[in-house]
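Below, each chain spelled out in residue letters.
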Amino acid sequence: MPTTTTTTTTIVGGANCQYHGKVIGAFEDEQTAHDVAGEVFAVDDVTIRLIGFTYDGNGPDAFVWGGEAGDTPTSSGFIIGSQTKLGAYQNANIDLILPAGMSLSRLKWISIWCRDFAVNFGHVDIPANFNPPAEHDLGEMGPGPSVYGVYAESVVIVNAKQIRFVNLDYRGNGPDAFMWAGEGNEPDSSGFIVPDETGSSAILRGYSDATITITLPEGKTVFDIGHIGIWCRAFSADFGHIDIPAADTLNIPPTPLADVPPMLTTQQPPPV
């Protein structure tokens, strides 16, 4: 299992090759017979993701537990996620939000901790000067050469699948124009349509100082593209675009596990 923090695009081979954020490390089982295992990722500065998380659920008062001091877990920590003690998990994927006022960049370690007996069932250390993923502002689209007034004050990578256009302008005159993305730095006909903010793949309407968030189609992430913008298929015309940085330079949040608030979000399989 990878434990490096030198890249932000680490892939987990057992998780359908999905990007899960920045690697923190793998749980070190403390040989307490509770079978703790799994990898820990940073989603952003207040959210962690456990991938392939396993725990037998037999601890009388065990929680995901974080601490801001010390080289090893202690009782002077706090619960991360649900206030209900942990049940059993087998190869589960879980998103957990830190308590209000806490931030991942301040933590020293994350543990599976039993409060009743003050025992560490397994933990991961957080590297010094850890920089969690965050939205990535690409800057403005324009005001260089563009067609039909295409301009955005800012284009922001929200996560691995979503991009936000801030104060987007487009007069809507293109006869066959779409949000368009593709490989490389120059748009061409080999790219693909990106649905608009409503999920529609119809010809693009006009915008005036609109802030919209679009989601890349299934099977595509920000790491698969080199540009995004507005393209007219009928005339193979670039109305305006912005480049996407190389994958290994991006430190962005991953796609959410599910469309629910991640206080304690699980993907297959659920607790047993």
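All of these numbers come straight from a predicted model, not from anything done at the bench.

1. Regarding the nonpolar core
In this structure, Ile-163, Phe-165, Met-179, Ile-228 and Ile-244 are the most contacted members of the largest nonpolar core, which totals 33 residues. Mapped by element, the contributors of at least two residues to this core are strand E11 (151-157), strand E12 (162-170), strand E13 (177-182), strand E15 (207-215), strand E16 (227-232) and strand E17 (237-243). In this structure Ile-228 touches Met-141, Ile-163, Phe-165, Trp-180, Ala-181, Val-194, Ile-214, Leu-216, His-241, Ile-242 and Ile-244, once residues within four positions along its chain are discounted. One finds Ile-24, Phe-53, Ile-110 and Cys-114 within the second-largest nonpolar core, a separate group that totals 28 residues.

2. Quick look at the pattern of salt bridges
In this structure the tally under the stated criterion is six salt bridges. A salt bridge links Asp-61 to Arg-115; the shortest N-O distance between them is 3.0 Å. With Asp-61 in the loop between strand E4 (47-55) and strand E5 (62-67) and Arg-115 in the loop between strand E8 (109-114) and strand E9 (119-125), this pair connects stretches of sequence that are 54 residues apart. Arg-115 sits in the partly exposed class, given a relative accessible area of 40%.

3. So, the packing of aromatic side chains
Here the structure, examined in full by the defined rule, presents seven aromatic pairs. Between the aromatic rings of Trp-180 and Trp-231, the centroid separation amounts to 6.1 Å while the plane-to-plane angle is 20°, which identifies the pairing as stacked. Remark: Trp-231 occurs in strand E16 and Trp-180 occurs in strand E13; sequence separation between them is 51 residues. With respect to burial, Trp-180 and Trp-231 carry one shared label: buried.

4. Things to note about the sheet that holds strand E2 (residues 28-29)
Note: strands within a sheet are paired through backbone hydrogen bonds, in either parallel or antiparallel orientation. A sheet is described by the order of its strands in space; here five strands give the open sequence E2-E9-E8-E5-E6, paired in antiparallel fashion. Only two strands of the sheet have a single partner each, and these edge strands are E2 and strand E6 (78-79). Sheet topology places E5 next to E8; six bridges connect them, and they run antiparallel. Bridge pairing in E8 places Trp-65 opposite Ser-111.

5. Some points on the side chain of Ser-154
Within the secondary structure layout, Ser-154 lies in strand E11. Under the relative-accessibility criterion, Ser-154 is labelled buried at 9%. Side chain to side chain, Ser-154 and Asp-137 meet in a polar contact 2.7 Å long. The contacts of Ser-154, once residues within four sequence positions are left out, are Asp-137, Gly-139, Glu-140, Arg-164, Phe-165 and Val-166.

6. Here we look at the confidence of the model for the protein
Here the protein shows a mean pLDDT of 89. Residues at 70 or above account for 88%. Under a pLDDT of 50 for its full length, residues 1-16 has, in the predicted model, 39 contacts with residues more than four places off or in other chains.

7. Here we look at the environment of Val-147
With respect to the helices and strands, Val-147 occurs in the loop between strand E10 (136-137) and E11. Sequence spacing of Val-147 and Gly-174 is 27 residues, and the spatial spacing of their C-alpha atoms is 8.9 Å. The contacts of Val-147, once residues within four sequence positions are left out, are Asp-238 and Phe-239.

About the thresholds
- Residues numbered from 1 in each chain as written.
- Predicted model: local features only at pLDDT ≥ 70, side-chain atom pairs only at ≥ 80, totals over all residues.
- Heavy atoms only, no water.
- Core = buried A, V, L, I, M, F, W, Y, C linked by side-chain atoms within 4.5 Å.
- Buried < 20%, exposed > 50% of the residue type's maximum accessible area, 1.4 Å probe, protein only.
- Helix = DSSP H or I, 4+ residues; strand = E, 2+ residues; numbered from the N terminus.
- Contact = heavy atoms within 4.5 Å.
- Salt bridge = Lys/Arg side-chain N within 4 Å of Asp/Glu carboxyl O.
- Phe/Tyr/Trp six-rings, centres within 6.5 Å; stacked < 30°, edge-to-face > 60°.
- Pairing = 2+ DSSP bridges.
- Polar contact = N/O pair within 3.5 Å; in protein donor to acceptor, adjacent residues only side chain to side chain.
- pLDDT = per-residue confidence, 0-100.

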